[in-house]
Amino acid sequence: MKILNQLYEGKAKQVFATEDPAIVMVHYKDDATAGDGAKKGTIRDKGVVNNRLSNALMQKLEKAGIPTHYVQELNDRDTLVKRVEIVPLEVIIRNVAAGSFSKRFGVAEGTALAIPTIEFSYKNDDLHDPMINRYHALALNLATAQELDQITDMAFRINDILRQILLAANIRLIDFKLEFGRLPDGTIILADEISPDTCRFWDATTGAHLDKDLFRRDLGGEADAYQEVMRRLVTE
């Protein structure tokens with residue numbers, strides 16, 4: 001398929017048009033940011049890991065009945081996906097207290113939550129992605145009530161599926177961010193990526209971080225951790 005002009009460039013990915021108006025190509029970069037862009041750097045081969053791992057997990061989710069944007073992996077860094085209108089919400093599912101949740105509520109990191117919980121953030125860089133609730137989302141016309149119900153249901157189903165997949169690889173799914181998109185007919189599907197950039201992965205035995213927190217917190221070893229996650233989850 002012929003790749004055309006660049007449509008968008010974000011912190012971690014570039015998006016290109018293709019000769020098919022319903023399909024775009026995503027290119028994964030090694031660039032890394034943290035602290036709302038305050039910290040910038042690169043993680044060796046991050047783009048390769050995030051591309052291949054996200055594609056592998058998207059395909060597993062598809063087989064479990066979750067509609068996703070995945071179409072075809074072209075190479076280590078490039079993937080064809082369905083063109084969608086992104087719903088301007090970041091959807092965060094939490095199984096274990098960590099990060100901002102621990103800070104906001106004074107709960108020690110690593111505390112298992114009584115039930116998985118969901119949070120929404122308004123996807124807006126200028127406003128620094130503020131946390132919002134369902135009523136805010138409706139009031140701002142970010143999504144309809146039906147779409148919010150679909151997104152919530154799908155997010156919890158994704159959590160159940162991913163937790164099983166990851167635990168089989170001795171990885172705990174602590175929390176993660178999802179984004180959803182609308183197809184031209186209005187169908188809601190999973191978009192963006194599922195990777196150590198967007199999820200907190202901890203080794204189920206040792207509790208070692210296997211995710212972007214190693215970069216955020218200057219702990220080091222992030223490139224090796226990303227590779228370890230891919231080694232456990234992606235089969236050739």
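None of the values given here were measured: they were computed from a predicted structure. (Residues numbered from 1 in each chain as written. Predicted model: local features only at pLDDT ≥ 70, side-chain atom pairs only at ≥ 80, totals over all residues. Heavy atoms only, no water.)

Q: I would appreciate a short explanation of the packing of helix 1 (residues 46-63) against helix 6 (residues 222-233) in the present structure.
A: Axes are the key here: two packed helices are described by the angle between their axes and the distance separating the axes. Where helix 1 contacts helix 6, the two axes come as close as 10 Å, and the packing angle between them is 30 degrees. Taken together, helix 1 and helix 6 sit at an angle that is classed as roughly parallel. Remark: the crossing between helix 1 and helix 6 carries left-handed chirality. Residues K46, V48, V49, N50, R52, L53 and K60 of helix 1 lie in contact with helix 6, whose contacting residues are Y226, Q227, V229, M230 and L233. (Axes fitted to C-alpha atoms, helices over the stretch in contact; angles between N-to-C directions. Helix = DSSP H or I, 4+ residues; strand = E, 2+ residues; numbered from the N terminus. Parallel < 35°, antiparallel > 145°, perpendicular 65-115°, else oblique. Left-handed = near helix turned anticlockwise from the far one by under 90°. Contact = heavy atoms within 4.5 Å.)

Q: I'm lost on unusual backbone geometry in this one. Help?
A: Negative phi characterises most residues that are not glycine, and trans characterises most peptide bonds. Positioned with a positive phi, N170 is a non-glycine residue whose angle comes to about 60 degrees. Looking at the element boundaries, N170 is found in the loop between helix 4 (145-167) and strand 12 (171-182). Residue classification places N170 among the partly exposed positions, given a relative accessible area of 28%. Although it is not a glycine, D218 adopts a positive phi angle of roughly 55 degrees. Structurally, D218 can be placed in the loop between helix 5 (213-216) and helix 6. For D218, a relative accessible area of 61% puts it in the exposed group. (Buried < 20%, exposed > 50% of the residue type's maximum accessible area, 1.4 Å probe, protein only.)

Q: Just checking my understanding: could you explain empty space enclosed by the protein for this structure?
A: Gaps left between atoms are located by rolling a probe of water-molecule size over the structure's atoms. In total, this model carries one cavity of 30 Å³ or more according to the counting rule given. Every residue lining the largest cavity is listed: V26, Y28, N55, H69, Y70, T79, V81 and D192. Counting residues per element, the ones that place at least two in the lining of the largest cavity are strand 3 (23-28) and strand 7 (78-82). Its residues placed into classes, the lining of the largest cavity shows four nonpolar, three polar and one charged. (1 Å grid on protein atoms, 1.4 Å probe; cavity = no way out; pocket = protein on both sides within 12 Å on 5 of 7 lines; lining within 4 Å. Points joined across faces, edges and corners; volume = space filled by probe spheres on them. Nonpolar A, V, L, I, M, F, W, Y, C, P; charged D, E, K, R; others polar.)

Q: I'm lost on the packing of aromatic side chains in this one. Help?
A: Describing an aromatic ring pair means giving the distance of the ring centres and the angle of the ring planes. Applying the stated criterion across every chain yields a total of one aromatic pair. Taking 4.8 Å as the distance between ring centres and 55 degrees as the angle between the ring planes, the aromatic pair formed by F101 and F105 counts as tilted. Residue F101 and its partner F105 are located together in helix 2 (residues 99-105), separated by four residues, close to a single helical turn. On the basis of relative accessibility, which here comes to 49%, the residue F105 falls in the partly exposed class. Over the face of the ring belonging to F215 we find K39, whose NZ or CZ atom lies 4.3 Å from the ring centre. (Phe/Tyr/Trp six-rings, centres within 6.5 Å; stacked < 30°, edge-to-face > 60°. Lys NZ or Arg CZ within 6 Å of the ring centre and 35° of its normal.)

Q: Please explain the sheet that holds strand 7 as it appears in this structure.
A: Backbone-to-backbone hydrogen bonds pair the strands of a sheet. The strands run either parallel or antiparallel. Strand order in the open sheet made by the five strands is 1-2-3-7-6, with antiparallel pairing throughout. Lying at the two open borders of the sheet, with one neighbouring strand each, are strand 1 (3-9) and strand 6 (70-73). Averaged over all adjacent pairs, the angle separating strand axes in this sheet is 30 degrees, with direction ignored. Of the strand pairs in this sheet, strand 2 (residues 13-18) and strand 3 are connected by five bridges, and their pairing is antiparallel. Bridge pairing in strand 3 links Q14 to H27. Together, strand 3, strand 6 and strand 7 form the strand contacts of helix 1, whose direction differs from that of strand 6 by roughly 130 degrees. (Pairing = 2+ DSSP bridges.)

Q: I'm lost on the layout of surface pockets in this one. Help?
A: Empty space within the second largest pocket amounts to approximately 210 Å³. Contributing to the lining of the second largest pocket are R52, A56, Q59, K60, K63, E73, L233, V234 and T235. The greatest single-element share of the lining of the second largest pocket, amounting to five residues, is contributed by helix 1. Residues of the lining of the second largest pocket, tallied by class, amount to three nonpolar, two polar and four charged.

Q: What is the right way to read helix 4 from this model?
A: Structural remark: α-helix, 3.6 residues per turn; residues separated by three or four positions point the same way. Here helix 4 contains 23 residues, and its C-alpha end-to-end distance of 33 Å stays within 8% of the 33 Å for a straight helix at 1.5 Å per residue. Inspection of helix 4 places E147, L148, I151, M154, A155, I158, N159, I161, L162 and L166 among the buried residues, and these make up the whole buried set. (Expected span 1.5 Å × (residues − 1).)

Q: I would appreciate a short explanation of the environment of Y122 in the present structure.
A: Within the secondary structure, Y122 is located in strand 10 (residues 112-122). Considered as a pair, Y122 and A137 are 15 residues apart in the sequence and their alpha carbons are 7.8 Å apart. The residues contacting Y122, other than those within four sequence positions of it, are P88, L127, D129, P130, I132 and L142.

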